[in-house]
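Chain residues, written in single-letter form:
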Amino acid sequence: PLSVIGCLTAGFQILNQNLWLIALPVLVDLLLWMGPRLSIAPLLQGFTAFLRAQRAPDPQTGYQLAQAAELLRQFGEKFNLLSLLAVLPLLQVPSLLAQHAPGALSPLGQPEVFPIRDVLMLLGWALLLIPAGLLLGFLYLNGLARCVAVTAAHGESAQAGAQPEIAPVGCVGGLVRILLFVAVLLGTLAVFAPLWALLVGMVSAIAQSLGILVWMLGVGLVAYVALHLLFVVHGVVLGGRGLLRAIWESILLFQLQFPSVVWLLLLVVVVYSGLGYAWSLPPGDSWLLAIGILGNGCVATGLTAATFVFYQERVKYLPQVTQAK
């Protein structure tokens, strides 16, 4: 199979041949930049007032409460609830401004702000935006998978001297599997997260250092499980796998290709995060931010395509390797 660097190169070559793939990332960022904003600042004002009203037993605790209230206030002023369109890891349209808020102004002036004043309104918008973001993310990834499949089919047919046979990437069935996958993950998280938080609180009441250790172990366990599920979406939208087979192949791929997977993931995170910081340097009221939006769309799409190429190059060797084992 191609090396990790070869997969990155192939991913950006696919992007070069299909520049339309950056359309959804650019449109989402333009909405977050130029469009109306859903502000949760009014909702958080009550929480910040509550924190400031607390009587601290000592100056250090009082300083920490004041600092937490200030951070909460700043978050409320910057956060745009429309960012929930790009909130689900691995299932989202990559967005620069969902991670780096552009500020209160845009080059067109002050955008229209719709305040979120109560929790029910917040939940209603969340129940609308998160599924909408999931649908956009699936369309984006499915289109990307189609381009990777077309490129691979043309390459194999060119070597064989025949016409390319391109297997269509399923859309409705793939979306149903992805929705089921997300529902299971969110349901599992909803069950175990409160239990884990309760355990951390109980242990912290006995010994704070032990509570921190339990918290770190929980985070490590979640990260370990997430890494094993890294290629489930790839298996569904590119491989056309059923959900159980996609999960099993993702686990095998992570275990049998562990050094390559870690190297790929490290490169993707470093390149995307580093360039994302550079793209977001222009202020929100500067047209230079448009360059960052275009650049982020290109880099994120090229890197995502590289992960699809990595999956495609290695998944075909899994039956042989497991049989040899």
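The structure presented is a predicted model; accordingly, all values stated were derived computationally and were not measured.

1. As for the overall build of the chain
And then number 1: The helix and strand tally for the chain stands at 12 helices and two strands.
And then number 2: Reading the helices (α) and strands (β) of the chain from amino to carboxyl end gives α-α-β-α-α-β-α-α-α-α-α-α-α-α.
And then number 3: Put simply, the chain has 325 residues, and 39% of those count as buried.
And then number 4: Counting contacts in the chain only where the partners sit at least 6 residues apart, residues at least 24 apart contribute 79% of the total.
And then number 5: For the chain, the accessible surface area stands at approximately 18,000 Å², while carbon and sulfur atoms represent 71% of it.
And then number 6: Looking at charge distribution, the chain has the averaged site of its 13 positive side-chain charges lying 6 Å from that of its 11 negative ones.

2. Re the nonpolar core
And then number 1: Membership of the largest hydrophobic core comes to 70 residues, with the highest contact counts inside it found for I178 and F308.
And then number 2: Listing elements by their share of this core, those giving two or more residues are α1 (4-17), α2 (23-34), α5 (119-160), α6 (172-206), α8 (232-237), α9 (243-256), α10 (258-279) and α11 (289-315).
And then number 3: By residue number, the principal contributor to this core is α11, which donates 12 residues.
And then number 4: For I178, the contacting residues outside a window of four places in its chain are L91, L134, F138, V233 and V236.

3. Things to note about the environment of Y140
And then number 1: Relative to the elements of secondary structure, Y140 occurs in helix α5.
And then number 2: Separated by 47 residues in the primary sequence, Y140 and V93 place their C-alpha atoms 6.5 Å from one another.
And then number 3: Looking at Y140, its side chain comes within polar contact range of the side chain of T301, at 2.8 Å.

4. Considering α11
And then number 1: For α11, spanning 27 residues, the distance from its first C-alpha to its last is 39 Å, which sits close to the expected 39 Å at 1.5 Å a residue.
And then number 2: Of all 27 residues in α11, 22 are buried, a share of seventy percent or more.

5. Side note on the confidence of the model for the chain
And then number 1: Per-residue pLDDT for the chain averages 84, and the proportion of residues at 70 or more is 91%.
And then number 2: Here helix α12 (residues 318-324) stands out as the element of the chain with the lowest mean pLDDT, 57, in contrast to α1, whose mean of 94 is the highest.

6. A closer look at the pattern of salt bridges
And then number 1: Summed over the entire model, instances satisfying the criterion amount to three salt bridges.
And then number 2: A salt bridge links E249 to R245; the nearest nitrogen and oxygen atoms lie 3.0 Å apart. Of this pair, E249 and R245 both sit in helix α9, four residues apart, roughly one helical turn.
And then number 3: Within this structure, R241, R245 and E249 form a network of salt bridges that share partners.

7. Remarks on the side chain of H228
And then number 1: On the secondary structure map, H228 appears in helix α7 (residues 208-228).
And then number 2: When near neighbours in sequence (up to four residues on either side) are disregarded, H228 contacts S250, I251, F254 and Q255.

8. Examining α1
And then number 1: Along its 14 residues, α1 runs 20 Å from first to last C-alpha, staying within 8% of the 20 Å computed at 1.5 Å per residue.
And then number 2: Of the residues making up α1, those classed as buried are V4, G6, C7, L8, A10, G11, I14 and L15.

Thresholds applied
Residues numbered from 1 in each chain as written. Predicted model: local features only at pLDDT ≥ 70, side-chain atom pairs only at ≥ 80, totals over all residues. Heavy atoms only, no water. Helix = DSSP H or I, 4+ residues; strand = E, 2+ residues; numbered from the N terminus. Buried < 20%, exposed > 50% of the residue type's maximum accessible area, 1.4 Å probe, protein only. Contact = heavy atoms within 4.5 Å. Areas by Shrake-Rupley, 256 points an atom, 1.4 Å probe, with all protein chains shown as cover. Lys, Arg positive; Asp, Glu negative; His and termini not counted. Charge placed at Lys NZ, Arg CZ, Asp CG, Glu CD. Core = buried A, V, L, I, M, F, W, Y, C linked by side-chain atoms within 4.5 Å. Polar contact = N/O pair within 3.5 Å; in protein donor to acceptor, adjacent residues only side chain to side chain. Expected span 1.5 Å × (residues − 1). pLDDT = per-residue confidence, 0-100. Salt bridge = Lys/Arg side-chain N within 4 Å of Asp/Glu carboxyl O.

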